[in-house]
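Listed below are the residues making up each chain.
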Amino acid sequence: MSVELLAWLVPLPPVLAFFIILLFTKRNNRLSHIVGLGAMLLSWAMGLTLFVAAVSTEGLAENPITSSVPWLPTGSTWLEMGILVDPLSAATLFFVVWTCLAIFVYSVGYHNFGHQRDPADKPGLPPHAGGVDPIYARFFAFIALFAFGMLVLVLADNLLLLFMGWEIMGLCSYLLIGFWFAKDSAKRAAVKAFLTTRVGDVFFLLGIAYLYSATGTLNYQAILGNEEVLHQLASTPAILGLSAATLIGLLIFIGTVGKSAQFPLHVWLPDAMEGPTPVSAMIHAATMVSAGVFLLLRMFPLLTVGFEPGHGLTTTMTVIAVIGTFTALFAATIAVAQNDVKRVLAYSTISQLGYMVAAVGVGAFVAATFHLITHAFFKALLFLGSGSVIHGMEHGAHKSQDHVDPQDMLNMGGLRKRMPITFWTFLLGGLALAGFPIVTAGFWSKDEILSAAFGENRIVFLVLALSALLTAFYTMRQISLTFLGKPRTAAAEHAHESTWTMTLPLIVLAFFSVTVGWTGIKRDFPVIGGIVPPWLEELLGSMVHGEGHAAGFAFTPLATSLVVALGGLGLGWLVYRRITAESGDPLVRWLGPVHTLLRRKYYVDEFYAVAFVRPAYWFADKVAYWFIDRKVIDGVLHAVARSVLAVGAFLRKYIDLLVVNGFGDLVGGGTKRFGGWLRYVQTGRVQGYLIAGMAFAVLLLSYLALTRP
Amino acid sequence: MIPLSWYLALAGALFCIGLYGVLARRNAVAILMGIELMLNAVNINLIAFWRYVTPAQISGQAFAIMVFAVAASEAAVGLALIISIYRRRMTVVAEEIDMLKW
């Protein structure tokens, strides 16, 4: 089988699984997850084969694996759809298939497969006593479609196909966040996620349209691999003194802001935690949010056109860097004050995505990609770990009849003894997130972003370092509150380890959370540089021709990342190691109103509610419904109806009754009257008739005789 | 030889007598007899025209015989009708047989 064919086939099994499950096997849970898992396993195997084939290709960056088919006739040319496997998509594919597979396996355990269905459970609500989910099969259909969307997005060779994958994921994210649709909060979160990302998508689509009108193609290689096109885009003026390249770059970036939950469109992501935990892992780690950053990396040559390392940032890059950096710090500060185990991770995801975006903003392509990959592994691990914790807590709550919120970290504590596998894997994931030096993957990728920022812009560097400190702090806070100390509730006391289908993915992901980082250790790093060849780094570096990975080893950023990681972890441990049920969170006392501000997420949701949601409701109710619908449209309709009635009444009165009926009556009545007169002729006397006949004959004959020529 | 016009005059007179009988008599049988007179007046015409205008052909005689046959059957049907009416209404007066009146 050729490599190109393989690349075409990789996304296929999940979408087939989606249809098979929905159409045929929905009623059978076992068959459904076999179909879903089997499809993912097939994709995984093909994806890894493709990955190996791709990385073993010499000069993959210059000669990527491509294949396309003419798809849509556009006048004299064809819009081509195809696949492209270059270092970026190969690396992305690697983590996507691994995390997706892990999440698929995890979902089996998470949705309590193998337990009896509890008759009290209703479809659309989480099982309340450990029974299998009533709509178990549907979940696998949705995540299969989701995986399909992501694989399409990764392997696409043009922006339109990417956008299709992007939108499929948007749909699936809506369906999956709202998987427990009978919960009002889940329903709202699903709508919020869909609408918020939609804002970004619209701008993204505008960017695509503008790019297409400017270049006549959406193929990456035709645009990004062509210096002339890039140069021409950069020199074409658009509006507001921006060049076409800048405007397109900004529009595409807004798409990323929506999808990757950057400020100010980040609000949907924390709410999306209403979905089942595997969904949180899928959307917030492996796939959808990564897609935004992946898009930025994909369009990197366009975004950074005109950028020379060390000579200041271009407009596009400045915007990207500012948004990314701000989001990184902003979300990290919120994460410090959250008590919901999943919300902490959600804000940490936003923060880490901000890191990647900032890295793109300072032109650090390799660092951003590297962090994207490591983050996908350790964040998927953390989410799945938190799901395992919640599962254990739910079980404990059910068993001890102590019905506390199973997601509130203040109700946990001491879980390391009850859930050892979850604890150790979560610890590894947490350390990776915090950037624990040398061992974890997060350290290497974060360090690389910091050193790139250090070389380019000191402010970005400082803010990112501060967020790294906060990251380490809230990570340790989470680990301490969840696993260390003593159980603070009876539910935590009775928690138990999850089944193997849930712990096995944790172990696999923990393995990658550690080892993936080693493929990016720079050769000139002291002591351990070069022990593991940095092939991932070099593979990705080959895409950018000297740009981006120029930042070599530097001491200051390394020292900074060591200090912030260890300092944050140490601080978190000091503050939170001895929290009891009574003492509560010491930060509340120390920060006072600031803590409230952070806990309420800077009131962004409230602000949006006042600024957008309520005006939208008001507009919908008063303007759209009451004025336009009731007054204008109904008014016009009623006016039309009334005038039609009036015309009808007029026609009836003066045309129908008078003319038509009159004429009809005239004909009928006239005939009748005439007949009435005429019947007197009918005397019944034969001789009378004869006389008449004679008279007529005489008349006729005399006429003929007279007129005879 | 007697000129054609005399025959025509005879036929005309006979027709008028018959017509008068048909129109003026009240008895249905007498009306029928008047009709016979009119038919025979026509026969005289037919024969006279044949003899004087086209003696080589026999169409006049043929027509006359046809009229005899028709007159005979007509008289038979007519008398039968009159008898039938008489049996029902005990009258043969034409103006009393006005069942087709409005």
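As the structure is a computational prediction, the values presented were derived from the model and not from experiment.

Parameters and conventions
- Residues numbered from 1 in each chain as written.
- Chains lettered and ligands numbered in written order.
- Predicted model: local features only at pLDDT ≥ 70, side-chain atom pairs only at ≥ 80, totals over all residues.
- Helix = DSSP H or I, 4+ residues; strand = E, 2+ residues; numbered from the N terminus.
- Rg over C-alpha atoms; globule rule 2.2 N^0.38 Å.
- Buried ≥ 20, exposed ≤ 12 C-beta atoms within 10 Å, placed from the backbone.
- Contact = placed C-beta atoms within 7 Å.
- Pairing = 2+ DSSP bridges.
- Nonpolar A, V, L, I, M, F, W, Y, C, P; charged D, E, K, R; others polar.
- Axes fitted to C-alpha atoms, helices over the stretch in contact; angles between N-to-C directions.
- Parallel < 35°, antiparallel > 145°, perpendicular 65-115°, else oblique.
- Left-handed = near helix turned anticlockwise from the far one by under 90°.
- pLDDT = per-residue confidence, 0-100.
- Core = buried A, V, L, I, M, F, W, Y, C linked by C-beta atoms within 7 Å.
- Expected span 1.5 Å × (residues − 1).
- Domains from an automatic or database assignment.

A. Representation of the overall build of chain B. Of the regular secondary structure elements, chain B holds 3 helices and 0 strands. When its helices and strands are written in sequence order, chain B yields α-α-α. A compact globule built from 102 residues should have a C-alpha radius of gyration of about 13 Å, whereas chain B, at 17 Å, is more than 25% larger. With the principal axes as the frame, chain B shows a C-alpha extent of 50 × 25 × 25 Å. The proportion of buried residues among the 102 residues of chain B is 14%.

B. Expanded view of the overall build of chain A. Assigned secondary structure in chain A consists of 29 helices and 2 strands. Taking 27 Å as the expected radius of gyration for a compact globule of 709 residues, we find that chain A reaches 36 Å, considerably beyond that expectation. Its C-alpha atoms give chain A principal-axis dimensions of roughly 145 × 70 × 55 Å. Nonlocal contacts in chain A, meaning residues at least 24 apart in sequence, comprise 77% of its contacts between residues at least 6 apart.

C. Geometry of the pairing of strand S1 (residues 65–74) of chain A. Residue and element names in this part refer to chain A. Burial analysis of S1 places just 1 of its 10 residues in the buried class, a small minority of the element. In this sheet, strand S2 (residues 77–85) lies alongside S1 in antiparallel orientation, the contact comprising 9 bridges. Across the sheet, Ser67 pairs through a bridge with Ile83, a residue of S2. Once S1 ends, the chain turns through 2 residues before running back antiparallel as S2, passing Gly75 with a positive phi of about 65°.

D. Representation of the interface of chain B and chain A in the model. Facing 9 residues of chain B, the contacting portion of chain A comprises 10 residues. Of the residues contributing to the side of chain B that touches chain A, the split by class is 6 nonpolar, no polar and 3 charged.

E. Looking closely at the packing of helix H5 (residues 136–155) of chain A against helix H6 (residues 159–177) of chain A. All names here are of chain A. The interhelical angle for the contact between H5 and H6, taken along N-to-C directions, is 155°, at an axis separation of 7 Å. When the interaxial angle is binned, H5 and H6 end up roughly antiparallel. In the crossing of H5 with H6, the sense of the turn from one axis to the other is left-handed. Across the interface between the two elements, Phe142, Ile143, Leu145, Phe146, Phe148, Gly149, Met150, Val152 and Leu153 from H5 touch Leu161, Leu162, Met164, Gly165, Trp166, Ile168, Met169, Cys172, Leu175 and Leu176 from H6. The residue makeup of the contact of H5 with H6, split by class, is 17 nonpolar, 2 polar and no charged.

F. Structural view of the confidence of the model for chain B. Chain-level pLDDT for chain B is 90 on average; 99% of the residues reach the 70-or-more range. Scoring the predicted complex yields pTM 0.75 and, for the interface, ipTM 0.81.

G. Broad picture of the nonpolar core. Residue and element names in this part refer to chain A. Counting 220 residues, the largest nonpolar core has Ala144, Ala359 and Leu464 as the members making the most contacts within it. Per-element accounting of this core gives the leading share, 19 residues, to helix H17 (residues 365–400). Leaving out residues up to four positions away in the same chain, Leu464 has contacts with Thr325, Ala328, Tyr355, Ala358, Ile449, Leu450 and Ala453.

H. Focus on helix H15 (residues 315–336) of chain A. Between its first and last C-alpha atoms H15 of chain A spans 32 Å; for 22 residues at 1.5 Å apiece the expected length is 32 Å, and the two agree. Of all 22 residues that make up H15 of chain A, 17 are buried, and the element is covered over most of its length.

I. Summary view of the domain arrangement of chain A. When cut into domains, chain A gives domain 1 (374–599) and domain 2 (606–686). Computed over C-alpha atoms only, the centres of domain 1 of chain A and domain 2 of chain A are separated by 74 Å.

J. Seen up close, the packing of helix H10 (residues 244–259) of chain A against H15 of chain A. All names here are of chain A. Their axes nearest at 9 Å, the elements H10 and H15 cross at an angle of 20°. In terms of their interaxial angle, H10 and H15 are classed as roughly parallel. In the packing of H10 onto H15, the handedness of the crossing is right-handed. Of H15, the residues touching H10 (which contributes Thr246, Gly249, Leu250, Phe253 and Val257) are Thr315, Thr316, Val319, Ile320 and Ile323. Partitioned by chemical class, the residues of the contact of H10 with H15 number 6 nonpolar, 4 polar and no charged.

K. Seen up close, the confidence of the model for chain A. Residue and element names in this part refer to chain A. Per-residue confidence for chain A gives a mean pLDDT of 84; residues scoring 70 or more make up 96%. No element of chain A has a lower mean pLDDT than helix H24 (residues 535–541), which averages 71, and none a higher one than helix H29 (residues 686–707), which averages 91. Contacts for the low-pLDDT stretch residues 546–551, under 50 throughout, to residues beyond four places or in other chains number 14 contacts.

L. Region of the structure containing the environment of Asn63 of chain A. Residue and element names in this part refer to chain A. Within the secondary structure, Asn63 is located in the loop between helix H3 (29–55) and S1. Take Asn63: there are 10 C-beta atoms within 10 Å of it, and that puts it in the exposed class. With 501 residues separating them along the chain, Asn63 and Val564 place their C-alpha atoms 41 Å apart.

M. Here's a closer look at unusual backbone geometry. Residue and element names in this part refer to chain A. For the bond from Phe263 to Pro264, the omega torsion is 5°, close enough to zero to count as cis. Tracing the backbone through its elements, the reader meets Pro264 in the loop between H10 and helix H11 (268–271). For Ala261, which is not glycine, the phi torsion reads 55° and is therefore positive. Here Ala261 shows up in the loop between H10 and H11. The phi angle at Tyr603 is positive, at roughly 60°, despite the residue not being glycine. Looking at the secondary structure, you find Tyr603 in the loop between helix H27 (593–599) and helix H28 (604–678). C-beta crowding within 10 Å serves as the criterion here: with 12 such atoms nearby, Tyr603 is assigned to the exposed category.

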